[in-house]
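What follows is the residue order along each chain.
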Amino acid sequence: MSATVSFQVPAPHGPGEVTVSYARVGRGEPLVLLHGIGHHRQAWDPVVDILATEREVIAVDLPGFGASPGLPQGLAYDLPTTNAVLGALFEALDLDRPHVAGNSLGGLLALELGRERLVRSVTALSPAGFWSQAERRYAFTVLLGMRGIARRLPPPVVAGLSRTAAGRTALTSTIYARPARRSPEAVVAETRALATATGFAATLRAGAAVRFTDAVPGVPVTVAWGARDRLLVPRQGLRAKRLIPHARLVRLPGCGHVPMNDDPALVARVILDGSR
């Protein structure tokens, strides 16, 4: 069941109120799930029920994405601000250093939270920030293209495409290795989420200068990469391992950039193992 929570975050011209939409299910140690740019918390739906058998799962719509409104004026979509927002969210939800798993942008945010010692463990699935400049430009160009298509396609066209395997492939093959497995309803919803994400442009601009270079000491880290990731290519996982030597690097065979739908059982096991 979805819910919202509002809380104050410091801003240059006084505290700003941030509202976050989330879903909370299961029992056990808390595990926060963070999605990628342009996506929404439902990206985690294929693995939530598995994770909820052993964890209390909190799937979050990041500010400006999914059902969460954008940040108030005066708050930037940069890493320090997002760190502060997520730290305040943990306090508002009474989460004391939860485990965290993130995909793409969410993976980068999870690593940042680990660097700040705000979480017990980090599982990062194809995290952003380990790119070369050429790889970053390529990824941003693809993301902007996906966003443009999502905004231009009329909803009836998206609905029609989603009803066939070929149509779902056309809409989502950039992020899924097995797009035909995605349900029509999920494809429609995530295309709408990409088209309407108020935080997309500002987040992408803030990411232009981002490179993750820290070792994340004192926190267990798992980095997992889809072997068929077409957006952030798998060699970036090797860079992550060099920068975070104690991290467990896991290859996800047959998985794309958003692996939760490609192989839910494997991804859930990686997250559970990483959050012991």
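Here, the structure is the one placed above.
Parameters at a glance
Residues numbered from 1 in each chain as written. Predicted model: local features only at pLDDT ≥ 70, side-chain atom pairs only at ≥ 80, totals over all residues. Heavy atoms only, no water. Helix = DSSP H or I, 4+ residues; strand = E, 2+ residues; numbered from the N terminus. Buried < 20%, exposed > 50% of the residue type's maximum accessible area, 1.4 Å probe, protein only. Lys, Arg positive; Asp, Glu negative; His and termini not counted. Salt bridge = Lys/Arg side-chain N within 4 Å of Asp/Glu carboxyl O. Polar contact = N/O pair within 3.5 Å; in protein donor to acceptor, adjacent residues only side chain to side chain. Contact = heavy atoms within 4.5 Å. Phe/Tyr/Trp six-rings, centres within 6.5 Å; stacked < 30°, edge-to-face > 60°. Lys NZ or Arg CZ within 6 Å of the ring centre and 35° of its normal.

Within the element layout of this structure, Asp262 appears in the loop between strand S8 (248–252) and helix H10 (264–274). Of the side chains with opposite charge, Arg178 lies nearest to the buried Asp262, which makes no salt bridge, at 5.5 Å. A distance of 3.0 Å separates a polar atom in the side chain of Asp262 from the backbone nitrogen of Ala177. Leave out the neighbours within four places in its chain, and Asp262 touches Tyr176, Ala177, Arg178, Arg181, Gly254, Cys255 and Gly256.

On the secondary structure map, Thr203 appears in helix H8 (residues 200–207). Given the relative accessible area of 11%, Thr203 is considered buried. Expressed as a C-alpha distance, the spacing of Thr203 and Ala76, which sit 127 residues apart in the sequence, is 8.5 Å.

Moving on, we get to the environment of His246. Locating His246 in the fold gives a position in the loop between helix H9 (235–243) and S8. Since its relative accessible area comes to 41%, His246 is described here as partly exposed. Considering only alpha carbons, one finds His246 and Thr198, 48 residues apart in sequence, at a separation of 36 Å. Those residues in contact with His246 that sit more than four places away from it in its chain are Ala215, Val216, Pro217, Val219, Val221 and Lys241.

A few words on the packing of aromatic side chains. The final tally for this structure, using the stated rule, is two aromatic pairs. Measuring from ring centre to ring centre gives 5.6 Å for Phe130 and Phe212, while their planes differ by 55°; the resulting arrangement is tilted. Of this pair, Phe130 sits in the loop between strand S6 (122–125) and helix H4 (133–152) while Phe212 sits in the loop between H8 and strand S7 (221–226), and the two are 82 residues apart along the sequence. On the basis of an interplanar angle of 90° and a centroid distance of 5.5 Å, the ring pair of Trp131 and Phe140 is categorised as edge-to-face. Across the pair, exposure class does not vary: Trp131 and Phe140 are buried alike. For Arg136, the ring lying beneath its charged end belongs to Phe140, and the centroid distance is 4.9 Å.

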